[in-house]
Amino acid sequence: MNFSWALIALLSCCLLLIALPSCAGERSLHTPEILGENSHSGRDQFEIERQEMVEYQIRDRGIQDQRVLATMSKVPRHEFVESPWKDFAYSDRPLPIGHQQTISQPYIVAYMSETAEISPDDKVLEIGTGCGYQAAILGEIAKEVYSIEIIPELAARARQTLSQLGYENIEVKTGDGYQGWVEHAPYDAIIVTAAPEKIPQALIEQLATKGKMVIPVGGGWHQDIIVLTKTEDRIIKEKTIPVRFVPMRRK
Ligand code: SAH
């Protein structure tokens, strides 16, 4: 009896000795940075999730603009949502930001940013600041960003988040986006992140020649992204993908 227990113990030790080096080898071979970074703080977990978001939700779905990809790899989306939602900040979905509004799904932010064909010297208008995340992405790829939010509390919070993150080229005002922001017009690009039933005329007027507007249009929850391009002598409208944004409110 004693002999067989001793034999079992000996065999277990041998198995353990064989198994241990292979576990250690696998870890150090496949996940050295992840293990190293994770051990510092939870913030680094967000970094890992952000890179995965860019690979699987954005690049894999066809976004190719290197400046958009680099920016989405950098901007801390979790800083734009409140505590209960931080752990979901990099998931493939819109999230609540209060006042029955949402931050758009990451892919949609990337899609709109790429489609607007923004250059580093551009001046951009955004309608629907929400939490300020899309504005931050635009702030990274454009020279100046003007963003309008109709709900004063959201505008104030976005302003605070953006200034804490050090953005100095983004101005947020409380107001009705239907009127645009005439003082800074014309804009090289206009991105609208709430859906009107038809494209507001003021926005078409405030778009620069050769500029692009990317806007969800449609009543209820059935909308399409319209890409409007202004040329010297005409307006070209192209319907691209079906989307679901919150409706654009009237004051
Ligand atoms: N771009 C935002 C998501 C916006 S959700 C982000 O990155 O978080 C749409 C926002 O549009 C909401 O905050 C809503 O209050 C705002 N909105 C709705 N109608 C508006 C209007 N007429 N003018 C300006 N903002 C409006």
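For clarity, every value in this text was computed on a predicted model and none was experimentally measured.

Novice: How should the pairing of strand β1 (residues 95–98) be read in this particular structure?
Specialist: Two faces make up the sheet, and in a regular strand the side chains alternate between them. For β1 and strand β2 (residues 101–103), the ladder comprises 3 bridges, and the chain directions are antiparallel. Among the inter-strand pairings, Gly 98 is bridged to a residue of β2, identified as Gln 101. The turn linking β1 back onto β2 is made up of 2 residues, and His 99 within it adopts a positive phi angle of 55°.

Novice: Please explain the pattern of salt bridges as it appears in this structure.
Specialist: For side chains of opposite charge, pairing can occur when their charged atoms come near one another. This structure, assessed with the given rule, holds 6 salt bridges. A salt bridge links Arg 157 to Glu 82, with the shortest nitrogen-to-oxygen separation between them at 4.0 Å. You can see Arg 157 sitting in helix α8 (residues 152–164) and its partner Glu 82 sitting in the loop between α4 (66–74) and α5 (83–86), a full 75 residues away along the chain. Across the pair Asp 224 and Lys 239 runs a salt bridge, and its minimum N-O distance is 3.8 Å. Taken together, the residues Asp 224 in strand β8 (residues 223–230) and Lys 239 in strand β9 (residues 235–243) connect sequence positions 15 residues apart. With relative accessibility at 59%, the residue Lys 239 sits in the exposed group.

Novice: I keep staring at the site of the ligand and nothing clicks. Help me out?
Specialist: Near the ligand you find 26 residues, and of these Gly 128, Glu 149, Asp 176, Gly 177 and Arg 249 are the closest. In the environment of the ligand, an oxygen atom lies 3.2 Å from a nitrogen or oxygen atom belonging to the backbone of Cys 131. Here a nitrogen atom of the ligand sits 2.8 Å away from a polar atom, N or O, in the main chain of Gly 177. Expressed as a share of its isolated accessible area of 590 Å², the protein-covered part of the ligand is 99%. The site holding the ligand turns out to be the largest pocket. Only β2, β3 (123–127), α7 (133–141) and β4 (144–149) provide two or more residues apiece to the shell around the ligand. For the shell around the ligand, the element with the most residues is β2, which contributes 3 residues. Tallied by class, residues from the shell around the ligand come to 13 nonpolar, 9 polar and 4 charged.

Novice: Help me understand the nonpolar core, please; the structure alone is not making it clear to me.
Specialist: If you look at soluble globular proteins, the nonpolar side chains tend to sit buried side by side. Met 72, Ile 118 and Tyr 133 are the most contacted members of the largest nonpolar core, which has 50 residues in total. Residues in contact with Met 72, not counting those within four places in the same chain, are Arg 50, Met 53, Val 54, Ile 58, Pro 106, Val 109, Ala 110, Tyr 133 and Ile 137. Core analysis: the next-biggest nonpolar cluster, separate from the first, contains 21 residues, Tyr 178, Tyr 187, Leu 207 and Val 217 among them.

Novice: What is the right way to look at the sheet that holds β9 in this model?
Specialist: Strand pairing in a sheet relies on backbone hydrogen bonds. The paired strands run either parallel or antiparallel. The mixed open sheet is built from 7 strands, whose spatial order is β5-β4-β3-β6-β7-β8-β9. Unpaired on one side and paired on the other, β5 (170–174) and β9 mark the two borders of the sheet. The sheet shows a mean angle of 15° between the axes of neighbouring strands, direction not considered. Where β3 and strand β6 (residues 187–192) come together, 4 bridges link them in parallel fashion. Across the sheet, the residue bridging to Leu 125 is Ile 190, located in β6. This element, α8, spans β4 and β5 of the sheet and lies at about 165° to β5.

Scoring rules and cut-offs
- Residues numbered from 1 in each chain as written.
- Predicted model: local features only at pLDDT ≥ 70, side-chain atom pairs only at ≥ 80, totals over all residues.
- Heavy atoms only, no water.
- Pairing = 2+ DSSP bridges.
- Helix = DSSP H or I, 4+ residues; strand = E, 2+ residues; numbered from the N terminus.
- Salt bridge = Lys/Arg side-chain N within 4 Å of Asp/Glu carboxyl O.
- Buried < 20%, exposed > 50% of the residue type's maximum accessible area, 1.4 Å probe, protein only.
- Near = heavy atom within 4 Å.
- Polar contact = N/O pair within 3.5 Å; in protein donor to acceptor, adjacent residues only side chain to side chain.
- Areas by Shrake-Rupley, 256 points an atom, 1.4 Å probe, with all protein chains shown as cover.
- 1 Å grid on protein atoms, 1.4 Å probe; cavity = no way out; pocket = protein on both sides within 12 Å on 5 of 7 lines; lining within 4 Å.
- Sits in = over half its atoms within 2 Å of the grid points.
- Nonpolar A, V, L, I, M, F, W, Y, C, P; charged D, E, K, R; others polar.
- Core = buried A, V, L, I, M, F, W, Y, C linked by side-chain atoms within 4.5 Å.
- Contact = heavy atoms within 4.5 Å.
- Axes fitted to C-alpha atoms, helices over the stretch in contact; angles between N-to-C directions.

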